[in-house]
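Fold and geometry: a report
Read off the chains here:
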Amino acid sequence: MTPYKRVVITGTGAVSPLGNTVQENWEKLLAGNSGIGTLTRFDATGFRCRIGGEVKNFATDTLLDPKEAKRLDMFCHFAVAAADQAVNQAGLSGSEHGVNPERIGVMVSSGIGGLGTLSQQIQNLLDKGPGRVSPLTVPMMISDMAAGYLAIRYQFQGPNFGLVSACASGLHSIGEAFWMIRRGDADVILAGGTEAGITPIGQASFSSMHALSERNDDPTHASRPFDRDRDGFVPAEGAGILVLEDAEHAARRGATALAEVIGYGLSGDAFHITAPHSEGLGAARAICNAFTCAELPISALDYVNAHGTSTPLNDKVETLALKRALGEHAYRVAISSTKSMTGHMLGAAGGFESVVCALALKNGVIPGTMNYQTPDPDCDLNYTPNQCRELPLKVALNVSLGFGGHNAAVLFKAM
């Protein structure tokens, strides 16, 4: 049997409410800045939740031809911006990179796809009739179009698709890309997530299920993962994308490996369409599966970038899952939720937070969990409250949980 290949990260890209480059995001995460504010994308008067993590100062002018930009939903715009960063850092831009394009894949996913496009075209249908609905509505709306368009943009002709597992979409994509490279299906895969769901229908829907924070008068402190007074997540948007690559392939072409992906675990709760399993069984199983995949002892783990959404149930259950999976080591490992600063980027969260894990390992520092003021007896682990922390990091874990009971866990190792 051919031994499994090692998989490394050779490029990173990020767009979030904190910034439009990896460096800007990283600096603001370490400074404890918040990207959350009062919504400007639409008039939210009358909405229970009038705050969100909007991407700011974002323009497509330098990314896309104006006509091309109009043919793509905003979730694809964010994907292009993040992917360009990752591809350029990995040395895969242009036609002279020397890699067989048939061996480069794209697996960039979205949890809800072109919700803005769908909303606008429904309005056109109601106001103006069926003849005024754009013929590009379906291709602009469908969640796989980020992966499809990026493949066209860079002429990457290997495995290409976008999977949908709600808020776990980005991390599942990275995990599946890891396995595809590991077993030799591709040499390089562009993987991660993107989302642009801050729309009236999205905001109203999440509000109706009482999932969102209603701290409208204090937006920068609204996302408070693991704090006793958390009252819901703050919706956000953006993209996080990695270039994953066969380690030997990267070395041959002189690419710099930023971190290594060493394990992937996934599971299904089979419990409820929105709530996580009340005892954290599914999430714990995904974490354990990642360690089994990596053939790594639990004691080797240094840092967890938690899902940490700031909802009462999620944070309690995720804490239970970490205890169940890690045992006593759960009390020793450093944990943080960067959603305290970005808000919840839904299908893009796992991609963005994987970029954070890679940077944490490379720089030996982890972002803190902001807005942690009142301890919760149900959340009694070390959540790195309110400031970043320097640590000698070797192994990091990223966890994502999605509506439908979808659980993903990916382990990263420092180079």
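Use the structure listed above.
Rules and cut-offs
Residues numbered from 1 in each chain as written. Predicted model: local features only at pLDDT ≥ 70, side-chain atom pairs only at ≥ 80, totals over all residues. Heavy atoms only, no water. Core = buried A, V, L, I, M, F, W, Y, C linked by side-chain atoms within 4.5 Å. Buried < 20%, exposed > 50% of the residue type's maximum accessible area, 1.4 Å probe, protein only. Helix = DSSP H or I, 4+ residues; strand = E, 2+ residues; numbered from the N terminus. Contact = heavy atoms within 4.5 Å. Pairing = 2+ DSSP bridges. Salt bridge = Lys/Arg side-chain N within 4 Å of Asp/Glu carboxyl O. Polar contact = N/O pair within 3.5 Å; in protein donor to acceptor, adjacent residues only side chain to side chain. Axes fitted to C-alpha atoms, helices over the stretch in contact; angles between N-to-C directions. Parallel < 35°, antiparallel > 145°, perpendicular 65-115°, else oblique. Left-handed = near helix turned anticlockwise from the far one by under 90°. Nonpolar A, V, L, I, M, F, W, Y, C, P; charged D, E, K, R; others polar. Expected span 1.5 Å × (residues − 1).

Observations regarding the nonpolar core
In this structure, Ile9, Ile189, Leu244, Val261, Tyr303 and Phe412 are the most contacted members of the largest nonpolar core, which totals 50 residues. No other element matches helix α13 (residues 349–363), which puts nine residues into this core. When sequence neighbours within four positions are dropped, the list of residues in contact with Ile189 reads Gly105, Val106, Met107, Ala177, Met180, Ile181, Leu242, Val243 and Leu244. Grouped together as the second largest cluster of nonpolar side chains are 36 residues, Leu63, Ala81, Val87 and Ala147 included.

A word on the pairing of strand β7 (residues 259–268)
Across the ten residues of β7, eight count as buried, placing the element largely inside the fold. In this structure, strand β1 (residues 7–15) lies alongside β7, joined through three bridges in antiparallel fashion. Bridge pairing in β7 places Ile9 opposite Ala259. Across eight bridges, β7 lies against strand β13 (residues 406–413) in antiparallel orientation. Paired with Gly265 across the two strands is Ala409, which belongs to β13.

Observations regarding the pattern of salt bridges
All chains considered together, the criterion is met by 16 salt bridges. For Glu24, the salt bridge is made with Lys28, and the minimal N-O distance between the two is 3.2 Å. Of this pair, Glu24 and Lys28 are both found in helix α1 (residues 22–31), four residues apart, which corresponds to roughly one turn of the helix. When its relative accessible area of 30% is taken as the criterion, Glu24 is described as partly exposed. A salt bridge links Arg228 to Asp229, with the nearest nitrogen and oxygen atoms 3.4 Å apart. A residue is classified by how much of its surface remains accessible, and Asp229, at 31% relative accessible area, is partly exposed. A network of salt bridges, in which partner residues are shared, links Arg230, Asp315 and Asp376.

Some points on the side chain of Glu245
Among the secondary structure elements, Glu245 is positioned in strand β6 (residues 238–246). Overall, Glu245 belongs to the buried group, its relative accessible area being 0%. Within the local environment of Glu245, its side chain forms a polar contact with the side chain of Arg253, the two groups lying 2.6 Å apart. In this structure Glu245 touches Arg6, Val7, Val8, Thr10, Ile181, Asp187, Val188, Ala250, Arg253 and Ala255, once residues within four positions along its chain are discounted.

Quick notes on the packing of helix α10 (residues 281–294) against helix α11 (residues 312–326)
With their axes 8 Å apart at the nearest point, α10 and α11 run at an angle of 40 degrees to one another. Taken together, α10 and α11 sit at an angle that is classed as oblique. As α10 runs across α11, the sense of the crossing is right-handed. Residue-level inspection shows Leu281, Ala283, Ala284, Ile287, Cys288 and Phe291 of α10 in contact with α11, the latter providing Ala321, Leu322, Arg324, Ala325 and Leu326. Broken down by class, the residue content of the contact of α10 with α11 amounts to ten nonpolar, no polar and one charged.

Quick notes on the side chain of Thr12
Mapping Thr12 onto the fold places it in strand β1. Not counting the four nearest positions on each side in its chain, Thr12 is found in contact with Val22, Gln85, Ala86, Gln89, Ile241, Leu242, Leu258 and Val355.

Describing unusual backbone geometry
For Gln155, which is not glycine, the phi dihedral falls at a positive 60 degrees. Position of Gln155 relative to the elements: it lies in the loop between α6 (145–154) and α7 (169–182).

Some points on the packing of α7 against α13
Orientation of α7 relative to α13, taken along the N-to-C sense of each, is 65 degrees, at an axis distance of 5 Å. Side by side, α7 and α13 meet where Gly170, Leu171 and Ile174 of the first sit next to Gly350, Gly351 and Ser354 of the second. Its residues assigned to classes, the contact of α7 with α13 shows two nonpolar, four polar and no charged.

Structural notes on the sheet that holds β13
Read from one edge of the open sheet, nine strands run β4-β5-β6-β1-β7-β13-β12-β8-β9, paired in mixed fashion. The strands lining the two open edges of the sheet, one partner per strand, are β4 (104–109) and β9 (334–336). Across the sheet, the mean angle separating the axes of adjacent strands is 25 degrees when strand polarity is ignored. For strand β5 (residues 188–195) and β6, the ladder comprises eight bridges, and the chain directions are antiparallel. When the bridges of β6 are listed, Ile189 appears paired with Leu244. On the sheet, helix α3 (residues 74–90) packs against β1, β4, β5 and β6 and is oriented at approximately 135 degrees with respect to β1.

Some points on helix α4 (residues 115–128)
The terminal C-alpha atoms of α4, which comprises 14 residues, lie 20 Å apart, in line with the 20 Å expected from a rise of 1.5 Å per residue. Listing the buried residues of α4 in full gives Leu115, Thr117, Gln121 and Asn124. Downstream of α4 by a residue or two, Gly129 has a phi angle that is positive, lying close to 100 degrees.

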